[in-house]
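Close look at the chain arrangement
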Amino acid sequence: MTLGGTGPPATPEPSPERGSRILGGRGVLISTASTVLFFAAIAVFIALAPGSGLVAERFFSPFHLWHSLVGTQSEPSVLSAFLLNVYIFAISEVLILVLALVIAVVRQIPGPAFFPLRMVAVAYTDLFRGVPLILVLYMIGFGVPGLGLTFFSYFSDVTYGIIALVLVYSAYVAEVYRAGIESIHESQNAAARSLGLSRWQSMRFVVLPQAIRRVIPPLLNDFIGLQKDTALVSVLGSIEAARAAQIYGASQFNYASYVVAALLFVLITIPLARFTDRLIARDKRRREAGTLA
Amino acid sequence: MKTETSPALVLEGVRKSFGENEVLKGIDLTVAPHEVVCLIGASGSGKSTLLRCVNLIEPLDAGRVVVEGAEITARGVNANHIRQRIGIVYQAFNLFPHMTVLRNITLAPREVLGMGRADAEEQALSLLERFGLSDRRNEYPDRLSGGQQQRVAIVRALAMRPHLMLLDEVTSALDPELVAEVLSVIRELAGEGMTMLIATHEMGFARDIADRVCFLEEGRILEEGPPERIFTSPENPRTRRFLSRIIAAGRL
Ligand SMILES: Nc1ncnc2c1ncn2[C@@H]1O[C@H](COP(=O)(O)OP(=O)(O)O)[C@@H](O)[C@H]1O
Ligand SMILES: [Mg+2]
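So, here is what we can say about the structure in this document. This one's a predicted model, so the numbers in the text were calculated from it and none came from an experiment.

To continue, consider the overall build of chain A. Helix and strand counts for chain A come out as 12 helices and 0 strands. Ordered by position from the N terminus, the helices and strands of chain A form the series α-α-α-α-α-α-α-α-α-α-α-α. Looking at chain A as a whole, 40% of its 293 residues qualify as buried. A separation threshold of at least 6 residues defines the contact pool for chain A, and within that pool the share at least 24 residues apart is 77%.

Pasting the structure below:
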């Protein structure tokens, strides 16, 4: 990946943060007070609502929150199971970034000789964006082992899960890349070709680095989705966080384990989301600064 | 194939259409080594298209392009090789915004000519030095003025050591006060004997620098000749009309 490489120009940062005018001095006081009031009101409302005692016990019991997090003699730890989600996410993400890029680039190869290749790329994205992930999981995870192939039928559930995630998400991410590639003005390619660079060199050195930089925010967005969808791998039998939570909940008749699992997912997606926001804001500033067309 | 006597560039019956719109209707033009030819003509007359056809960025519909005795429109010619010897500079600069000035300039020498990094950078720096840009080498294009960007674009083309330079209205996108710095670079190149084909709206500049001026209208060269004659006593009534409009607009 060429995500690093030549860094983007350091944009001058004179513009005061949008909110700072409001948040100066008195503003901070007001926003703090209104935040406290707002959440206090919600807390009171919840506490007074009918059945709130039951909700607190079933969902937020400190005992169950803690024991589902770390596990018991008979129930798995949601936290250690969550490491499997992180593992699946990390491996899938790398494979998706590569496979999707290949698909997107193949789709851009001009010339009649490459028509079949382009067609395969188009068919691939159409197919895998249309089929629900869970069906792909079933087909790969149950179907392929059932074929009794010498090599491919003996992967672990997690591996089949990763394969299914990669197949489906690559279709989405390929489209994101493609949008990025098409957003780079043809004059950039013309300038590169005019210097004697081949089509491929122009793609590699001029078009792709700019395109990828442009699509980082939507890519991160897709990865937030991917992070959540790692939970679906549990349908193949892997005990990841959601499945571990379910096991705990079913044997203890308590849902605190689900809250724990949910919090773990949120905990890991929030930094991704904030990072995405920052990149989008940076892009916006840069566009407003009026750089080259 | 290259002989001392072959012209730098020969165009024969070059035609080009975009759909129904025939933009070049048979262009014949010969440029001698070290000659500077200026293309003038109204907007839309086909100047840019002609220049883009010369380096095959735009494929021709008919006709031949011969560069230093070798027909580049022949079958089986590798257009990438041809483009290495022809530098082109566009109106909109088209620098690579994600690369520093230095990297913009060294990219093609390194990737296309296979120059080592040190050599490519040394060459780039000496070119930048010559055009008063060496302090900008680590800047990104969007931190430069239009005039500086255009000079970098010229340097980038020169770094491939072209035998022929094509300039497409390189000052049209510039604020008036930045035009002079770019024109002086082109004058310097002309002084060194660079062969150039220049599309321009700067008639005063064309008169100074050109060995020959071609007036293009609706995809044809209607009149050509030395600038003294074209600008003072054009024969074709349409050339006369075009120039009087230019004079009325205060651009000559
Ligand atoms: N890529 C293109 N597709 C369609 N029409 C084009 C394209 N490029 C140029 N033209 C048309 O060709 C004509 C000549 O354009 P151009 O060569 O840019 O003229 P000039 O540079 O003299 O202003 C114009 O009518 C323009 O609309
Ligand atoms: Mg033009």
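Residue and element names in this part refer to chain B. An order of 2-1-4-5 is seen for the 4 strands of this open sheet, with the pairing classed as antiparallel. Where the open sheet ends on each side, the last strands, each with one partner, are strand 2 (21-31) and strand 5 (70-71). Pairing of strand 1 (residues 9-18) with strand 2 involves 8 bridges; the strand directions are antiparallel. Each bridged residue has a counterpart across the sheet, and for V14 the counterpart in strand 2 is I27. Set on the sheet, helix 1 (residues 47-54) makes contact with strand 1, strand 2 and strand 4 (62-67); between it and strand 1 the angle comes to about 120°.

Our focus in this paragraph is the interface of chain A and chain B. When the parts come together, some accessible area is lost, and that loss is often what is quoted as the size of the interface. Of the residues lining the interface, 25 residues belong to chain A; the matching set on chain B comes to 28 residues. Of the roughly 2,300 Å² buried between chain A and chain B, counting both surfaces, carbon and sulfur atoms make up 62%. Taken together, the connections running from chain A to chain B amount to 0 salt bridges. Where chain A meets chain B, there are 6 residue pairs in polar contact (both at pLDDT 80 or more). When residues of the side of chain A that touches chain B are assigned to their parent elements, the largest contribution, 7 residues, is made by helix 9 (residues 186-194) of chain A. A breakdown of the residues in the side of chain A that touches chain B according to their chemical character gives 13 nonpolar, 10 polar and 2 charged.

Quick look at the site of ligand 1 now. All names here are of chain B. As a matter of local geometry, ligand 1 sits amid F18, N21, V23, A42, S43, G44, S45, G46, K47, S48 and T49. Within the contact set of ligand 1, an oxygen atom lies 3.3 Å away from a backbone nitrogen or oxygen of S45. Only strand 2 and helix 1 provide two or more residues apiece to the shell around ligand 1. By residue number, the principal contributor to the shell around ligand 1 is helix 1, which donates 3 residues. By residue class, the composition of the shell around ligand 1 is 3 nonpolar, 7 polar and 1 charged.

This part takes up the pattern of salt bridges. Close approach of charged atoms allows side chains of opposite charge to pair. According to the stated counting rule, one finds 21 salt bridges over all chains in the structure shown. In this structure, the salt-bridge partner of A:E175 is A:R178, at a minimum N-O distance of 3.0 Å. Residue A:E175 and its partner A:R178 are both found in helix 8 (residues 157-183); the two are separated by 3 residues, about one turn of the helix. Put simply, B:D208 and B:R187 hold a salt bridge, and the shortest N to O gap is 3.2 Å. Taken together, the residues span a long stretch of sequence, with B:D208 in helix 7 (residues 203-209) and B:R187 in helix 6 (residues 176-191) at a distance of 21 residues. Here the residues in one salt-bridge network are A:R107, A:E175, A:R178 and A:E182, joined through shared partners.

Residue and element names in this part refer to chain B. One open sheet accounts for 6 strands, arranged 6-7-8-3-9-10; its pairing is mixed. Each end of this open sheet is capped by a strand with a single partner; those strands are strand 6 (86-89) and strand 10 (220-225). Within this sheet the neighbouring strands show an average axis-to-axis angle of 15°, counted without direction. Strands in contact with helix 5 (residues 146-158) are strand 6 and strand 7 (164-168); relative to strand 6, the strand with the most contacts, it is inclined by about 170°.

Time to look at helix 9 (residues 237-248) of chain B. Side chains of residues three or four places apart in an α-helix project in the same direction, reflecting 3.6 residues per turn. Residues and elements named next belong to chain B. If you check helix 9, its first and last C-alpha atoms are 16 Å apart, about what 12 residues at 1.5 Å a residue would give, namely 16 Å. Within helix 9 the residues assigned to the buried category are T239, F242, L243 and I246. Buried residues of helix 9, viewed axially, fall in a sector of 95°; they line one side. Turned more than 90 degrees from where helix 9 packs its buried face, P237, R241 and A248 sit exposed. Tucked into the core, helix 9 has its buried residues touching strand 3 (36-40), helix 7, strand 9 (212-217), strand 10 and helix 8 (227-232). A distance of 2.8 Å separates the backbone nitrogen of R238 from a side-chain oxygen at the start of helix 9, and that oxygen is part of N236. G250 lies just past helix 9 and shows a positive phi near 75°.

What follows concerns the side chain of A:S194. Looking at the element boundaries, A:S194 is found in helix 9. Residue classification places A:S194 among the buried residues on the basis of a relative accessible area of 4%. When neighbours within four sequence positions are excluded, A:S194 is seen to be in contact with B:N55, B:I57, B:R83, B:I86, B:I88 and B:Y90.

Rules behind the numbers
- Residues numbered from 1 in each chain as written.
- Chains lettered and ligands numbered in written order.
- Predicted model: local features only at pLDDT ≥ 70, side-chain atom pairs only at ≥ 80, totals over all residues.
- Heavy atoms only, no water.
- Helix = DSSP H or I, 4+ residues; strand = E, 2+ residues; numbered from the N terminus.
- Buried < 20%, exposed > 50% of the residue type's maximum accessible area, 1.4 Å probe, protein only.
- Contact = heavy atoms within 4.5 Å.
- Pairing = 2+ DSSP bridges.
- Axes fitted to C-alpha atoms, helices over the stretch in contact; angles between N-to-C directions.
- Buried area = accessible area lost by both parts, 1.4 Å probe.
- Salt bridge = Lys/Arg side-chain N within 4 Å of Asp/Glu carboxyl O.
- Polar contact = N/O pair within 3.5 Å; in protein donor to acceptor, adjacent residues only side chain to side chain.
- Nonpolar A, V, L, I, M, F, W, Y, C, P; charged D, E, K, R; others polar.
- Near = heavy atom within 4 Å.
- Expected span 1.5 Å × (residues − 1).
- Arc of directions from axis to C-beta.

Don't take any of this as a statement about function, it's just geometry.
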